[in-house]
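Observations on the model geometry
Each chain, written out:
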Amino acid sequence: MAGCYTNPVEALRIIRSADRLDLILLDVDMPEISGIELAKLIRDMTSKLVFTTEHTKNK
């Protein structure tokens, strides 16, 4: 399974319906629920969970 989701609630639904995943990449900052909260809900679905985020530098 491969996918990219901008809605963490939709991602949660899809991940829960899938078999165990090899790798999950999560953004820390997401709408509705944070990546940290989502990770707590799906941590048993994978052995590799990686957090990413982006910060812009103010000029």
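A few points on the structure. (Residues numbered from 1 in each chain as written. Predicted model: local features only at pLDDT ≥ 70, side-chain atom pairs only at ≥ 80, totals over all residues. Heavy atoms only, no water.)

Of all hydrophobic cores here, the largest spans 13 residues; its most connected members are Ile15, Leu21, Ile24, Leu26, Leu38 and Ile42. Residue assignment for this core shows that the elements contributing at least two residues are helix H1 (8–17), strand E1 (24–27) and helix H2 (35–42). Not counting the four nearest positions on each side in its chain, Ile15 is found in contact with Leu21, Ile24, Ile42 and Met45. (Core = buried A, V, L, I, M, F, W, Y, C linked by side-chain atoms within 4.5 Å. Buried < 20%, exposed > 50% of the residue type's maximum accessible area, 1.4 Å probe, protein only. Helix = DSSP H or I, 4+ residues; strand = E, 2+ residues; numbered from the N terminus. Contact = heavy atoms within 4.5 Å.)

Where H1 is concerned, the buried positions are Pro8, Ala11, Leu12, Ile14 and Ile15. The secondary structure elements touched by the buried residues of H1 are E1 and H2. Between the side-chain oxygen at the start of H1 and the backbone nitrogen of Val9 there is a gap of 2.8 Å, and the oxygen is on Asn7. (Polar contact = N/O pair within 3.5 Å; in protein donor to acceptor, adjacent residues only side chain to side chain.)

Another aspect to go through is a nonpolar patch on the surface. A cluster of nonpolar residues, Leu23, Leu25 and Val50, forms a patch on the protein surface that exposes about 270 Å² of accessible area. Relative to the assigned elements, Leu23 resides in the loop between H1 and E1. The partly exposed category is assigned to Leu23, whose relative accessible area is 46%. (Patch = residues over 30% accessible without salt bridge, like charges linked within 9 Å, V, L, I, M, F, W, Y side chains within 5 Å. Areas by Shrake-Rupley, 256 points an atom, 1.4 Å probe, with all protein chains shown as cover. Salt bridge = Lys/Arg side-chain N within 4 Å of Asp/Glu carboxyl O.)

Moving on to H2. Within the span of H2, buried status applies to Gly35, Leu38, Ala39 and Ile42. Looking straight down H2, one finds that the buried residues subtend no more than 105 degrees of arc, so they occupy a single side. Looking at the buried residues of H2, the elements they touch are H1, E1 and strand E2 (49–52). (Arc of directions from axis to C-beta.)

Another aspect to go through is the side chain of Thr46. With respect to the helices and strands, Thr46 occurs in the loop between H2 and E2. Residue class for Thr46 comes out buried when judged on its relative accessible area of 6%. A distance of 2.9 Å separates the side chain of Thr46 from the backbone oxygen of Leu21, its partner in a polar contact. For Thr46, the side chain forms a polar contact with the main-chain oxygen of Lys48, separated by 3.1 Å.

Spatial relationships are all this shows, so hold off on functional conclusions.
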